[in-house]
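# Notes for the structure review
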Amino acid sequence: MHPALIALSLAFPVQDPAVQAADISARIRTLASDAFAGRGPSSPGEEKTLTYLVSELERVGVRPAAGDSFLQPVPLVAVQPTDTPAMQIAREGAPNDGAPKQDVVFGRDAMWWSKTPRGEVRLEDSEIVFVGHGIVAPEYDWNDYEGLDARGKTVVILVNDPGYTTRDDELFRGRAMTYYGRWTYKFEEAARQGAAAAMVVHEEGPAGYPWQVVVGSWGRPRFGLATGGDEPACTVESWIEAAFARRLCKDAGQDFDALKRAALERDFRPVPLGARASAQFVNRAQVSESHNVAGVIRGSVRPDEYVLYCAHWDHLGTSTNRAGDAIFNGAVDNASGTAALLELAESFAALDKAPTRSVVFLATTAEESGLLGSKFYAQNPLFPLECTAAAINIDVLNTYGRTRDVVVVGYGASQLEEVLARAAAKQERELAPEPTPEKGSFYRSDHFNFAKAGVPVLFLGRGVDSREHGREWGEAQLADYTKRRYHKPADEFDAEWDLSGAVEDVLLYFEVGQALAQSAEWPEWFEGNEFRALREKSRAARH
Ligand SMILES: [Zn+2]
């Protein structure tokens, strides 16, 4: 375990809030009703959702956080090729007798796209190089790009990180995925290296889902922030199917499995694959506006210091090409977290005396499109992030009763866990790490954008150790949700839910937030954490 760096001496609240299962249930029922049409950003469902959230925040007595408005406009852009994009591979040294380039089959061999908002996208005869896991991590003394000038090249990258394959706890973080294992990181690093194109190899084990999921999720318009000036991106980003990657290596006289093994070593160096990639397509873009909803309770002593709660209000909306139930109600994901956010706002507003620090309630948009609402907030914070003591994110509540465990996603990260552990003890519960750290869940919800800005974050998963039915039963509940309801129209409100566990979790969120809001201390990331240096840098700007 990580030792505490400073002793957090936080007072726990004496005033318990009136968090009731019936209230949470009623709010979820409203947000997940068909009238809200699946809460798609920039859809009629958004208007309904915003109206409801603003009226609830007003009613409980929270102040607007964006000047005199509760709404922070978030400009979105949806980018999509006008037609099936084309890509070809040409072998180097192939007889120059007009030997045709090989067409890459979109959907079967690979999925590719460009973030370039509009106009023609061209990749021309770009040299293909295998760069292992595509990781540059000074703290692990690791550089897969060592000795390569990647500018203009097409880099082929393995998904996940070396520790995942070896399960060696000394290598990165063993089975637990670091950010270096996320595909988002792979594209970001390739762009930093100046690569023209990046191809991430899909393998079901390390990716965590089958190829069909890649085809399904990358065959639609890509959403981004329409603010421009974003981080650099490769001209072409792509996932390639494992069999295609093997062929690419084989044609170069290389063995994919041998390359993979070599990539597990610190002395790995990039390997040219003796081929060049070209691609041509035309993008079109559609710009729209969505909104974050933000309210604040001003602190009584240190109003310029903040504790922030967030929950994404958006979900997948309504499908236009689907027979039967086409509404993705998102009752658990994340009408439940949004309901909790409102409960917390109401609980803080009902305190006899405002907390010493300010408390911010942020309902984000476009989380399902790539954490975009929180990304926009982190780029355009309504309150300075260096003065934000913590960001507590609520993405889904437990709907199957009380549990003994409190599951912390990304366990072992910051002192917030010490505050949480004390609150959990009062409920006779214990903290537990997430059961599947290799899935990289920590990097897949809104708190991550706050972490990237250095703000210590807290994100809980659903407990599984059911008080009434035991652990196996709890795990089965979770598995059933993932299989039958997660991101499906079947994620609907159910009046039979047991929300007693949700009430306990919301109380934990409240107690942790209140303890921080009554304190003058700044919780820290633990030593060795990847976000610690960022926080130290921003601390100077604090006062
Ligand atoms: Zn969610």
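The following refers to the structure shown.

What counts and what doesn't
Numbering of residues starts from 1 in each chain and follows the order in which that chain's sequence is written. Where totals are concerned, whole chains, interfaces and linings use all residues; where local detail is concerned, this predicted model gives features only for residues with pLDDT of at least 70, and gives and counts side-chain atom pairs only at 80 or more. Heavy atoms from the whole structure form the basis of all side-chain values; hydrogens and water molecules are not counted. Residues belong to one nonpolar core when they are buried, are Ala, Val, Leu, Ile, Met, Phe, Trp, Tyr or Cys, and are joined through side-chain atoms within 4.5 Å. Remark: exposure states derive from per-residue accessible area (1.4 Å probe, protein chains only) relative to the maximum for the residue type, with buried under 20%, exposed over 50%, and partly exposed in between. In this description, contact between two residues means that some pair of their heavy atoms is separated by no more than 4.5 Å. The way it works is that DSSP assigns letters per residue, a run of H or I at least four long becomes a helix, a run of E at least two long becomes a strand, and they are numbered from the N terminus. Strands pair, by our definition, only if DSSP identifies at least two bridges between them. Pairing of aromatic side chains requires ring centres within 6.5 Å, counting the rings of Phe and Tyr and the six-membered ring of Trp. Pairs whose planes differ by under 30 degrees are stacked, by over 60 edge-to-face, and all others tilted. The working definition used for a salt bridge is a side-chain nitrogen of Lys or Arg within 4 Å of a carboxyl oxygen of Asp or Glu.

For the rest of this paragraph, the subject is the nonpolar core. Residues I24, V293, Y309, F361 and L420 are the most contacted members of the largest nonpolar core, which totals 62 residues. What V293 contacts, discounting residues up to four positions off in sequence, is L50, L53, V54, L57, F70, L71, W313, F361, L362 and A363. By size, the runner-up hydrophobic cluster in this structure holds 36 residues, among which are Y185, V360, F459 and W525.

Next up on the list: the pairing of strand β16 (residues 388–393). In terms of residue burial, β16 counts as a mostly covered element, since 6 of its 6 residues are buried. Examined bridge by bridge, strand β14 (residues 302–312) and β16 share 5 bridges and lie parallel to one another. Note that in β16 the partner of Y309 across the bridge is I392. For β16 and strand β19 (residues 457–459), the ladder comprises 3 bridges, and the chain directions are parallel. Paired with A391 across the strands is V457, a residue of β19.

Before going further, it helps to spend a moment on the packing of aromatic side chains. Applying the stated criterion to the full structure yields 30 aromatic pairs. For the pair W113 and F187, a centre-to-centre distance of 5.8 Å together with 85 degrees between the ring planes defines the contact as edge-to-face. Of this pair, W113 sits in strand β5 (residues 110–113) while F187 is found in helix α4 (residues 183–192), placing the two residues 74 residues apart along the sequence. Residue W113 shares its accessibility class with F187, and that shared class is buried. Between Y180 and Y185, the aromatic rings sit 5.0 Å apart at their centres with planes inclined by 90 degrees, giving edge-to-face as the arrangement.

Counted according to the given criterion, the structure contains 33 salt bridges. With a shortest N-O distance of 3.1 Å, R59 and E56 are connected by a salt bridge. Taken together, the positions of R59 and E56, both in helix α2 (residues 44–60) and 3 residues apart, correspond to about one turn of that helix. Classification of R59 by relative accessible area gives exposed; the value is 53%. Taking the relative accessible area as the measure of exposure, E56 reaches 11% and is therefore buried. Salt-bridge contacts for E189 lead to R192; the nearest nitrogen and oxygen are separated by 2.9 Å. In this pair, E189 and R192 are both assigned in helix α4, 3 residues apart and thus about one turn of the helix distant.

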